[in-house]
Amino acid sequence: EVFTEENLGTTITMKLPTTLTIIDTLMVNVDETQILIPVMDIEYCFKESNENLFKKDNRYIQYKNNPIPLVSLREQFKYAPSGQNDLMVIVINKFDRRYAITTDQIIGEHQAVIKPLGDLFVNQPYFSGGSIMADGKLAFILDTNFLFNHITKIYLIMATLDIDKKTSYINL
């Protein structure tokens with residue numbers, strides 16, 4: 001609000017939300033969608049050939065001499081397969097448990113002001129919010145807690161059913 005009174009001056013009033021959250025994120029591309037991953041959840045990033053990741057009979061990668069689950073965000077969000085030879089692998093560490101996700105490209109670090117997604121995205125559990133980029137586009141903030149819990153459930157079901165991790169194809 002701007003209130004001006006002659007010979008007295010101008011009063012400018014700005015109303016800010018009582019809760020405003022800014023987090024450090026890593027911006028990645030999946031297809032042409034920008035996704036933000038909280039930096040505090042990221043342990044390690046590296047480039048790997050698509051063939052080494054997905055042309056085998058399991059969805060695990062070796063990380064620090066331990067197998068960890070591998071999730072393709074492209075497949076998770078139902079995008080068509082890409083023709084890329086190399087993908088970016090991001091190791092997520094939640095509660096000292098690790099899993100890896102693949103993306104098409106890492107764009108860089110970004111400080112994100114988190115905004116709720118609203119009613120339109122209420123049934124989309126993979127994202128905890130959004131952030132408006134400098135170009136006016138919306139980038140989604142990946143809910144690494146939900147993804148971690150989802151992966152854990154899938155692997156617990158596999159363990160209960162005694163499915164061999166080394167020969168199973170998992171499409172979460």
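Preceding block: the structure.
Residues numbered from 1 in each chain as written. Predicted model: local features only at pLDDT ≥ 70, side-chain atom pairs only at ≥ 80, totals over all residues. Heavy atoms only, no water.

(A) How the structure looks around the overall build of the protein chain. Per the secondary structure count, the protein chain includes three helices and twelve strands. Expressed as a percentage of the 172 residues in the protein chain, the buried residues total 38%. Considering only contacts in the protein chain between residues 6 or more positions apart, those separated by 24 or more positions represent 57%. Just so you have it, the protein chain exposes about 11,100 Å², and 52% of that area is on carbon and sulfur atoms. (Helix = DSSP H or I, 4+ residues; strand = E, 2+ residues; numbered from the N terminus. Buried < 20%, exposed > 50% of the residue type's maximum accessible area, 1.4 Å probe, protein only. Contact = heavy atoms within 4.5 Å. Areas by Shrake-Rupley, 256 points an atom, 1.4 Å probe, with all protein chains shown as cover.)

(B) Inspection of the sheet that holds strand β6 (residues 60–63) at higher detail. Across the sheet, which stays open at both edges, the five strands sit in the order β5-β8-β9-β7-β6 with mixed pairing between neighbours. Two strands close off the open sheet at either side, each with one partner strand: β5 (42–49) and β6. Looking at each pair of strands side by side, their axes are set apart by 35° on average, direction ignored. Here three bridges tie strand β7 (residues 66–72) to strand β9 (residues 97–103), and the two strands are oriented parallel to one another. Bridging from a neighbouring strand, Ser 72 pairs with Thr 102 of β9. (Pairing = 2+ DSSP bridges. Axes fitted to C-alpha atoms, helices over the stretch in contact; angles between N-to-C directions.)

(C) Just the pattern of salt bridges, in detail. The final tally for this structure, using the stated rule, is six salt bridges. Asp 31 is paired through a salt bridge with Arg 74; the nearest N and O atoms lie 3.6 Å apart. Of this pair, Asp 31 sits in the loop between β3 (22–30) and β4 (33–38) while Arg 74 sits in helix α2 (residues 73–76), and the two are 43 residues apart along the sequence. (Salt bridge = Lys/Arg side-chain N within 4 Å of Asp/Glu carboxyl O.)

(D) Local environment of the nonpolar core. Ranked by internal contacts, the top residues of the largest apolar core, which has 20 residues, are Ile 35, Leu 73, Ile 101, Phe 127, Leu 142 and Leu 147. When contributions to this core are tallied by element, the ones reaching two or more residues are β3, β4, β8 (86–94), β9, β12 (138–142) and α3 (144–160). Not counting residues within four places of it along the chain, the set of residues in contact with Phe 127 comprises Ile 35, Phe 77, Leu 117, Phe 140, Ile 141, Leu 142 and Asp 143. (Core = buried A, V, L, I, M, F, W, Y, C linked by side-chain atoms within 4.5 Å.)

(E) Representation of the sheet that holds β4 in the model. Pairing is mixed across the open sheet formed by five strands, whose spatial order is β10-β3-β4-β12-β11. Each edge of the open sheet carries a strand with a single partner, namely β10 (105–113) and β11 (127–132). Here the average twist between neighbouring strands, direction ignored, is 35°. As judged from the five bridges shared by β11 and β12, these two strands associate in the antiparallel manner. Looking across to β12, one finds that Ile 132 is bridged to Leu 138.

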